[in-house]
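# Reading the structure
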Amino acid sequence: MPNTIRIAAALLIDSQGRTLLVRKRGTQAFMQPGGKIDAGETAVQALARELHEELGLCIDPAQAVHLGQFSAPAANEPGFEVQAQLYRVETDAVVTPAAEIEEVFWLAPDQVPALELAPLTRDLILPLYRQAISALR
């Protein structure tokens, strides 16, 4: 059993149907915003806290739709696996990179990013996002 990092992540979608990817300082891979779940925190509480710390975004946890649990090799910690509780969050708020976030990128559903992506984002979350968006059109 690999070492597991438990995180809460947001499939953050704006009114144009784009989703937000973030890159942490000192790393290469873009991924969903979110972060580690602290002891005593629910996944959705962790998500709300991380979105506020990293992007200045205040979300109502009741508005976050749980999409399931997804696992993949961690992008920045070799030998670790991330286990993500993924939530869909719709927002039109302005996001401002803060804390350890160095860069943000809004990705359109039909756009193939010329970016390095975390395995979880590339292999699981973006395909799910594209499927969900095309179902809405």
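Quick look at the structure, then.

### What to know about helix α1 (residues 43-55)
With 13 residues, α1 extends 17 Å from end C-alpha to end C-alpha; this agrees with the ideal 18 Å at 1.5 Å per step. Regarding α1, the residues found buried are Ala 43, Val 44, Ala 46, Leu 47, Ala 48, Glu 50, Leu 51, Glu 54 and Leu 55. Gly 56, located one to two residues past α1, shows a positive phi value of around 65°.

### As for the nonpolar core
In terms of nonpolar packing, the biggest core is built from 23 residues, with Leu 47, Leu 55 and Val 89 touching the most fellow members. Those elements giving two or more residues to this core turn out to be β1 (3-13), β2 (19-24), α1 and β6 (80-90). When residues of this core are assigned to their parent elements, the largest contribution, seven residues, is made by α1. The contacts of Val 89, once residues within four sequence positions are left out, are Ala 10, Leu 11, Leu 12, Ile 13, Leu 47, Ile 59 and Ala 64.

### Description of the environment of Thr 96
Its place among the elements puts Thr 96 in the loop between β6 and β7 (101-107). Considering only alpha carbons, one finds Thr 96 and Ala 64, 32 residues apart in sequence, at a separation of 20 Å. The residues contacting Thr 96, other than those within four sequence positions of it, are Glu 54, Leu 55 and Gly 56.

### Some remarks on the pattern of salt bridges
Counted according to the given criterion, the structure contains 11 salt bridges. Taking the shortest distance from any N to any O, the salt bridge between Arg 18 and Asp 14 comes out at 2.8 Å. Asp 14 gets classed as buried once you look at its relative accessible area, which sits at 10%. Where Glu 41 meets Arg 49, a salt bridge forms, and the shortest distance between an N and an O atom there is 2.6 Å. Accessibility expressed as a relative area gives 22% for Arg 49, which makes it partly exposed. It is possible to trace a salt-bridge network through shared partners that takes in Asp 38, Glu 41, Arg 49, Glu 50 and Glu 53.

### Some remarks on the environment of Phe 30
Position of Phe 30 relative to the elements: it lies in strand β3 (residues 30-31). Taking the C-alpha atoms as reference points, Phe 30 and Asp 110, separated by 80 residues in sequence, lie 17 Å from one another. Leave out the neighbours within four places in its chain, and Phe 30 touches Leu 21, Val 22, Arg 23, Glu 103, Phe 105, Leu 115, Glu 116, Leu 117, Ala 118 and Thr 121.

### A closer look at the pairing of strand β5 (residues 65-73)
The pairing of β5 with β6 spans eight bridges and is antiparallel. By the bridge assignment for β6, Ser 71 is matched with Gln 83. Hairpin connection, β5 to β6: the antiparallel pair is bridged by six residues, and Gly 79 has positive phi, about 85°.

Cut-offs used in this document
Residues numbered from 1 in each chain as written. Predicted model: local features only at pLDDT ≥ 70, side-chain atom pairs only at ≥ 80, totals over all residues. Heavy atoms only, no water. Helix = DSSP H or I, 4+ residues; strand = E, 2+ residues; numbered from the N terminus. Expected span 1.5 Å × (residues − 1). Buried < 20%, exposed > 50% of the residue type's maximum accessible area, 1.4 Å probe, protein only. Core = buried A, V, L, I, M, F, W, Y, C linked by side-chain atoms within 4.5 Å. Contact = heavy atoms within 4.5 Å. Salt bridge = Lys/Arg side-chain N within 4 Å of Asp/Glu carboxyl O. Pairing = 2+ DSSP bridges.

Treat this as a map of the structure, not an account of what it does.
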